[in-house]
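Structural features, examined
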Amino acid sequence: MRRFVAALAAAVAVTLYPVAAGAQTYPERTITVVVPFAAGGPTDTVTRLVAEAMSKDLGQQVIVENVGGAGGTLGAGRVAKAEPDGYTLLLHHIGMATSATLYRKLAYDTLNAFEYVGLVTEVPMTIVGRKDLEPADLKGLVEYAKANKDSVTVANAGIGAASHLCGMLFMSAIKTPLVTVPYKGTGPAMTDLLGGQVDIMCDQTTNTTKQIQGGTIKAYAVTSPERLDVLPDVPTTTEVGLPDVQISIWHGLYAPKGTPAEITERLSKSLQVALKDENVAARFAELGTRPSPQADATPAALKAKLENEIARWKPIIEAAGQYAD
């Protein structure tokens, strides 16, 4: 009997050894971070900065793969089905939370299909207009929009995109539906705003700051509680009478469900190191944002954020009656 028990224990140990050893030696090869949006957009920019810094800490290359489409759900779905070995990750923004309501038939369970690594950053939004748009400030813009609601156009990067969510919140706050113009990404939406083909847009500072500073678009407000150092002359929405239009586009790092806890923890520690990198902090500052503090770059903080944001956006989306399927 003793020999049988000993043999069984040895067999179990041999079976578990590869998993334990794999976790201890992780990573042994290139890690891919899937960005569920087009290259060159705000989330892509954030991801590439963080990936470069994590590569230095992990001792292996961390590359970015853009898998756009369906408001970010195609890329998220791909990672949900990936091997849970820590070599395929997802960096997604607030759309991770809103897709749970926007898409009534998702191929994955938003809350339960992933392991959580940590929060990366929270990017403020800006309400901007074409350079020659008549109103001089946000109060004037609201009056102008209400008086011309059938002709004022609001660009966004597609249903579920950050710009769509912010625009929807703006229209809800002023109680006026405007003409929405969806694009296949932030790039073409900004191109048409610069060209004067659309009137206004609500988008992340990572995509608008340089244009605002260069005077090629008109800035009306930032959606943060306080003014931004990088855009000191742009008032907050609260200052100009729209306190309900406060939104930051938070980004989180995820792994497929079933990824070993040791690997998830290693990734979380690496993320924390990356967010303290001087280059990351400097580049984030230029883009009007800052890295998440260490306490937020954790699995528990990201999980809590996702749960709270799903609860926050569900009634807003349902009230608007705008779904992606």
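Here, every reference points to the structure presented above.
Below you will find a few notes about this structure. (Residues numbered from 1 in each chain as written. Predicted model: local features only at pLDDT ≥ 70, side-chain atom pairs only at ≥ 80, totals over all residues. Heavy atoms only, no water.)

**Let's talk about the overall build of the chain**
Condition: The helix count covers DSSP runs of H or I at least four residues long, the strand count covers runs of E at least two residues long, and both are numbered beginning at the N terminus. Note that the radius of gyration is over C-alpha atoms, with the globule rule given as 2.2 Å times the number of residues to the power 0.38. Relative accessibility under 20% of the residue-type maximum defines a buried residue, over 50% an exposed one, and the middle range a partly exposed one, all with a 1.4 Å probe and only protein chains included. Whether two residues are in contact is decided by their heavy atoms, any of which lying within 4.5 Å being enough. Positive residues here are Lys and Arg, negative ones are Asp and Glu, while His and the chain termini are left out of the count. In plain terms, the charge of a residue is placed at NZ if it is Lys, CZ if Arg, CG if Asp and CD if Glu.
In terms of helices and strands, the chain carries 11 helices and nine strands. For 325 residues, the compact-globule formula gives about 20 Å, and the C-alpha radius of gyration of the chain, at 22 Å, lands near that figure. On the principal axes, the C-alpha backbone points of the chain span a range of 85 × 40 × 30 Å. Counting only residues that meet the buried cut, the chain has 51% of its 325 residues in that class. At a minimum sequence separation of 6, the contacts of the chain that also span at least 24 residues come to 78%. Averaging the locations of the 29 positively and 33 negatively charged side chains of the chain gives two centres separated by 5 Å.

**Digging into the packing of aromatic side chains**
Put simply, the rule is: For this analysis, a ring pair means two rings from Phe, Tyr or Trp (six-membered ring only for Trp) whose centres lie within 6.5 Å, classed as stacked if their planes differ by under 30 degrees, edge-to-face if by over 60, and tilted for the remaining angles.
The final tally for this structure, using the stated rule, is four aromatic pairs. Judged by centre distance (5.2 Å) and plane angle (65 degrees), the rings of Y26 and Y87 are edge-to-face. Linking Y26 in the loop between α1 (2-25) and β1 (31-35) with Y87 in the loop between α3 (73-80) and β3 (88-92), this pair joins segments that are 61 residues apart in sequence. The same class applies to Y26 and to Y87, which are both buried. Pairing Y108 with F114 gives two aromatic rings, centres 5.8 Å apart and planes at 80 degrees, and the pair type is edge-to-face. The pair Y108 / F114 is uniform in exposure class, with both members buried.

**Re the packing of helix α7 (residues 186-194) against helix α8 (residues 205-213)**
Where we set the bar: To define axes, lines are fitted to C-alpha atoms, for helices over the stretch in contact only, and angles between the resulting N-to-C directions are given on a 0 to 180 degree scale. We call two directions roughly parallel when the angle between them is under 35 degrees, roughly antiparallel when it is over 145, roughly perpendicular when it lies between 65 and 115, and oblique otherwise. Left-handed describes a crossing whose near helix is turned anticlockwise from the far helix through less than a right angle; right-handed describes the clockwise counterpart. Residue polarity follows a fixed list, in which Ala, Val, Leu, Ile, Met, Phe, Trp, Tyr, Cys and Pro are nonpolar, Asp, Glu, Lys and Arg are charged, and the others, Gly among them, are polar.
Viewed as axis vectors pointing N to C, α7 and α8 meet at an angle of 25 degrees, and their least axial separation amounts to 12 Å. Viewed along their axes, α7 and α8 adopt a mutual orientation that is roughly parallel. Pair α7 / α8 crosses with right-handed handedness. Counting all contacts with α7, which are made through T186, M190 and L194, the residues of α8 involved are N207, T208 and Q211. Here the contact of α7 with α8 is built from residues that sort into two nonpolar, four polar and no charged.

**Some words on the state of the cysteines**
How we decide: Cysteine sulfur pairs qualify as disulfides if the two atoms are within 2.5 Å.
Scanning the model with the defined rule gives one disulfide in all. Across the disulfide from C166 sits C202; the S-S distance is 1.7 Å. Linking C166 in helix α6 (residues 162-173) with C202 in strand β7 (residues 200-204), this pair joins segments that are 36 residues apart in sequence. When sorted by exposure, C166 lands in the same class as C202, which is buried.

**Topic: the nonpolar core**
Basically, it comes down to this: Put simply, buried Ala, Val, Leu, Ile, Met, Phe, Trp, Tyr and Cys residues joined by side-chain atoms within 4.5 Å make one nonpolar core.
Judged by nonpolar contacts, the single largest core of 49 residues is most densely connected at F114, L138, F170, I247 and Y254. A total of seven residues in this core trace back to one element, the largest contributor, which is α6. Once you skip the residues sitting within four places of it in the chain, Y254 turns out to touch L89, L90, H92, M96, F114, E115, Y116, V117, L302 and L306. Counting 30 residues, the second-largest nonpolar core is a separate cluster that includes Y26, L49, A53 and L89.

**A few points about the pattern of salt bridges**
Between side chains of opposite charge, pairing is possible as soon as their charged atoms come close. Note the cut-off: We define a salt bridge as a contact between a side-chain nitrogen of Lys or Arg and a carboxyl oxygen of Asp or Glu at a distance within 4 Å.
As enumerated under the stated definition, the model contains 12 salt bridges in all. The closest approach of N and O atoms between R130 and D132, which form a salt bridge, is 2.8 Å. Looking at D132, the relative accessible area reads 58%, which means it is exposed. Connected through salt bridges with shared partners, the residues R130, D132 and D199 form a single ionic network.

**Describing the pairing of β7**
Put simply, the test is: In this description, strands pair whenever DSSP reports at least two bridges between them.
The buried fraction of β7 amounts to five of the five residues, a majority that puts the element mostly inside the structure. Of the pairings in the sheet, the one linking strand β4 (residues 114-130) to β7 comprises five bridges and is antiparallel in character. Paired with M125 across the bridge in β7 is Q204. The pairing of strand β5 (residues 153-156) with β7 spans two bridges and is classified as parallel. Paired with A155 across the two strands is M201, which belongs to β7.

**Overview of α7**
To keep things clear, this is the line we draw: This arc corresponds to the set of directions leading from the helix axis out to the C-beta atoms.
Taken together, the buried positions of α7 are occupied by T186, A189, M190 and L193. For α7, the arc enclosing every buried residue in end-on projection is 95 degrees, short of the 170-degree limit, so these residues lie on one face. Of the surrounding elements, those touching the buried residues of α7 are α2 (42-58), β4, β5, β7, α8 and β8 (217-222). Positive phi appears at G196, one or two residues downstream of α7, with a value of about 80 degrees.

**Regarding the environment of S99**
Formally: Definition of a polar contact: a pair of N or O atoms within 3.5 Å, with one able to donate and the other able to accept a hydrogen when the atoms are protein atoms, and with sequence-neighbouring residues admitted only if both atoms are side-chain atoms.
Along the chain, S99 falls in helix α4 (residues 95-102). In this structure S99 comes out as buried when scored by relative accessible area, which is 1%. Sequence separation between S99 and A70 is 29 residues, and the spatial gap between their C-alpha atoms is 9.6 Å. Non-local contacts of S99, meaning those with residues more than four positions away in its chain, are made with T73, L106, Y108 and T110. Reaching out from S99, the side chain makes a polar contact with the backbone oxygen of M96 at a distance of 3.2 Å.

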